[in-house]
Amino acid sequence: MPTRILPAGADPDAVRSLTTLLSQLPDAEPQPPVTDSTQLVDTLARFAAESVDELPEVVVVHERIGPVPALELIREVALRFPAVGVILVTTDASPGLFAAAMDSGARGLVALPLSYEDLASRVQAVAQWSTGVRRHLGHGGEQAAGAGGTVVTVSGAKGGVGATLTAVQLALAAQASGRATALVDLDLQTGDIASYLDIQFRRSVADLAAITDISPRVLADAVFRHDTGLALLLAPGEGERGEEVTDRAVRQLISALRSRYEVVVIDCGAQLGGAGAAAVETADTALLVTTPDVIAVRAAKRTVRMWDRLQIRKAEETTVVVNRHTRSTEIQPALVQRITGTALARTAVPANFKELQGVVDAGRLHELDSRSTVKQALWALAGELGLAKAGEAASHRGTGRAAGSFRRRKE
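Residues numbered from 1 in each chain as written. Predicted model: local features only at pLDDT ≥ 70, side-chain atom pairs only at ≥ 80, totals over all residues. Heavy atoms only, no water.

Description of the sheet that holds strand β1 (residues 3–8)
Right, on to step 1. Reading across from one edge, β2-β1-β3-β4-β5 is the order of the five strands in this open sheet, with parallel pairing throughout. Strands with a single pairing partner mark the edges of an open sheet, and in this sheet they are β2 (28–30) and β5 (108–111). Pairwise comparison of adjacent strand axes, ignoring direction, gives a mean angle of 25 degrees for this sheet. (Pairing = 2+ DSSP bridges. Helix = DSSP H or I, 4+ residues; strand = E, 2+ residues; numbered from the N terminus. Axes fitted to C-alpha atoms, helices over the stretch in contact; angles between N-to-C directions.)

Topic: the side chain of Thr90
Right, on to step 1. Its place among the elements puts Thr90 in strand β4 (residues 85–90).
Right, on to step 2. At a separation of 2.6 Å, a polar atom in the side chain of Thr90 contacts the side chain of Glu63.
Right, on to step 3. Within the structure, Thr90 has its side chain in polar contact with the backbone nitrogen of Asp92 (distance 3.0 Å).
Right, on to step 4. With sequence-adjacent residues up to four places away left out, Thr90 is seen in contact with Glu63, Leu97, Leu109, Val110, Ala111 and Leu112. (Polar contact = N/O pair within 3.5 Å; in protein donor to acceptor, adjacent residues only side chain to side chain. Contact = heavy atoms within 4.5 Å.)

Some words on the pattern of salt bridges
Side chains that differ in charge, positive against negative, can pair when their charged atoms come close.
Right, on to step 1. Per the counting criterion, the structure on display carries 13 salt bridges.
Right, on to step 2. Measuring nitrogen to oxygen at the nearest pair gives 3.1 Å for the salt bridge that ties Arg251 to Glu281. Of this pair, Arg251 sits in helix α10 (residues 247–260) while Glu281 is found in helix α11 (residues 274–282), placing the two residues 30 residues apart along the sequence.
Right, on to step 3. For Arg251, a relative accessible area of 10% gives the class buried. (Salt bridge = Lys/Arg side-chain N within 4 Å of Asp/Glu carboxyl O. Buried < 20%, exposed > 50% of the residue type's maximum accessible area, 1.4 Å probe, protein only.)

Quick word on empty space enclosed by the protein
Empty space left among the atoms is revealed by rolling a probe the size of a water molecule over them.
Right, on to step 1. The full count for this structure, using the stated rule, is two cavities of 30 Å³ or more.
Right, on to step 2. In this structure, the largest cavity spans a volume of roughly 60 Å³.
Right, on to step 3. Lining of the largest cavity is provided by Glu72, Arg75, Glu76, Leu79, Arg248, Arg251, Gln252 and Ser255.
Right, on to step 4. Mapped onto the lining of the largest cavity, the elements with two or more residues apiece are α3 (70–80) and α10.
Right, on to step 5. Here the lining of the largest cavity is built from residues that sort into one nonpolar, two polar and five charged. (1 Å grid on protein atoms, 1.4 Å probe; cavity = no way out; pocket = protein on both sides within 12 Å on 5 of 7 lines; lining within 4 Å. Points joined across faces, edges and corners; volume = space filled by probe spheres on them. Nonpolar A, V, L, I, M, F, W, Y, C, P; charged D, E, K, R; others polar.)

Let's talk about the sheet that holds strand β13 (residues 343–344)
Right, on to step 1. One open sheet accounts for eight strands, arranged β8-β9-β7-β10-β6-β11-β12-β13; its pairing is mixed. The open sheet is flanked by β8 (224–225) and β13, the only strands paired with a single partner.
Right, on to step 2. Where β8 lies against strand β9 (residues 231–233), two bridges are found, and the strand directions are antiparallel. If you follow Arg225 over to β9, its bridge partner there is Ala231.
Right, on to step 3. Set on the sheet, α11 makes contact with β6 (150–156), β10 (263–269) and β11 (285–290); between it and β10 the angle comes to about 140 degrees.

Structural notes on helix α7 (residues 163–176)
Right, on to step 1. For α7, with 14 residues, the first-to-last C-alpha span of 20 Å sits near the 20 Å given by 1.5 Å per residue.
Right, on to step 2. Burial analysis of α7 places 13 of its 14 residues in the buried class, the great majority of the element.
Right, on to step 3. Residue Gly178 follows α7 closely and has a positive phi angle near 100 degrees. (Expected span 1.5 Å × (residues − 1).)

Thoughts on the packing of helix α2 (residues 37–50) against α3
Right, on to step 1. Two numbers describe how α2 lies on α3: the axes approach to 11 Å, and their chain directions differ by 10 degrees. In terms of axis orientation, α2 runs roughly parallel to α3. Contact with α2, carried on its side by Ser37, Leu40, Val41, Leu44 and Ala45, involves Leu73, Glu76, Val77 and Arg80 of α3 and no other residues of that element. (Parallel < 35°, antiparallel > 145°, perpendicular 65-115°, else oblique.)

And the structure:
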């Protein structure tokens, strides 16, 4: 059986040379190369969604891939796709880098300039390892090699458009649907999830920033367990501590959350920093919330263009959610989609602040009445995104049952 090898690198000449050499290896089947970290992870996730058997046995990562650094990318691939063997191609073959690559989850390292013998021996060894892992996983391999939990980021086109409200209700809908759900506040300086849910907390996302290996126990110690069953990881109470949360820390945190929770909803706020950018880039679904007014829609367009320029997220891979929608407004969701060039959520959230004012002022957003049109729309959005089971939102309409009354889920 041929060995499927996926080359990954940003330098066209280097990747062309690597692919040419790989094609000369016995029983090798090089795949079309990928040019950046996002494309690599998306490609592997697409294969894994079909079956573990569809994944390439070997991924060869060139050191000059980006925007995520090679070692961080290898760590993510190793965590999310444990049946795939990764080889790092680098000019630095020092013992220090070799150790760092192994710690990140690489199965081998090949020095530049490439040698046919070195590359052949590494590919063969890694392919045998990958085949053995898959044989060991057996029928459970698909689950083990999958992408883990679903990660959704919620960003605001500008402040005050309802990103936090959207994030909280999406997480509540997922949890009520029977899925273990984490809600993360990455609006590091002005995060309000704790206020919306009226909780006092000691630990925050900043407490995990300096930890290089986030174990399940470390993660469990940092989260706050809400009465609804949600696992909350909150923004620091001291806004200046937000600077401690780097993009690298966020990638490690998301990998840890994926392995423990079925759904991870992240409130990224309206300001872009390294932490938020890493979350948006890593997410399975990136939502951008806007209101149907000129200022907010312009801000949404500006945000989408910035994400594209910084290679964080392409416009067509971003989903816009229109909040405070009314039929009488001149700016309708279809126009927002044309202006921003993004995908558009089918569900628009109606404008009805009177339904929200009482629970917002009391800090009890989880007790929003199920007859609320705003809640019904947001839970329908959760169903549209696959976070809640089909019909889950509809089953709670008109019952008057508060979200906070759902039985606490035991993990």
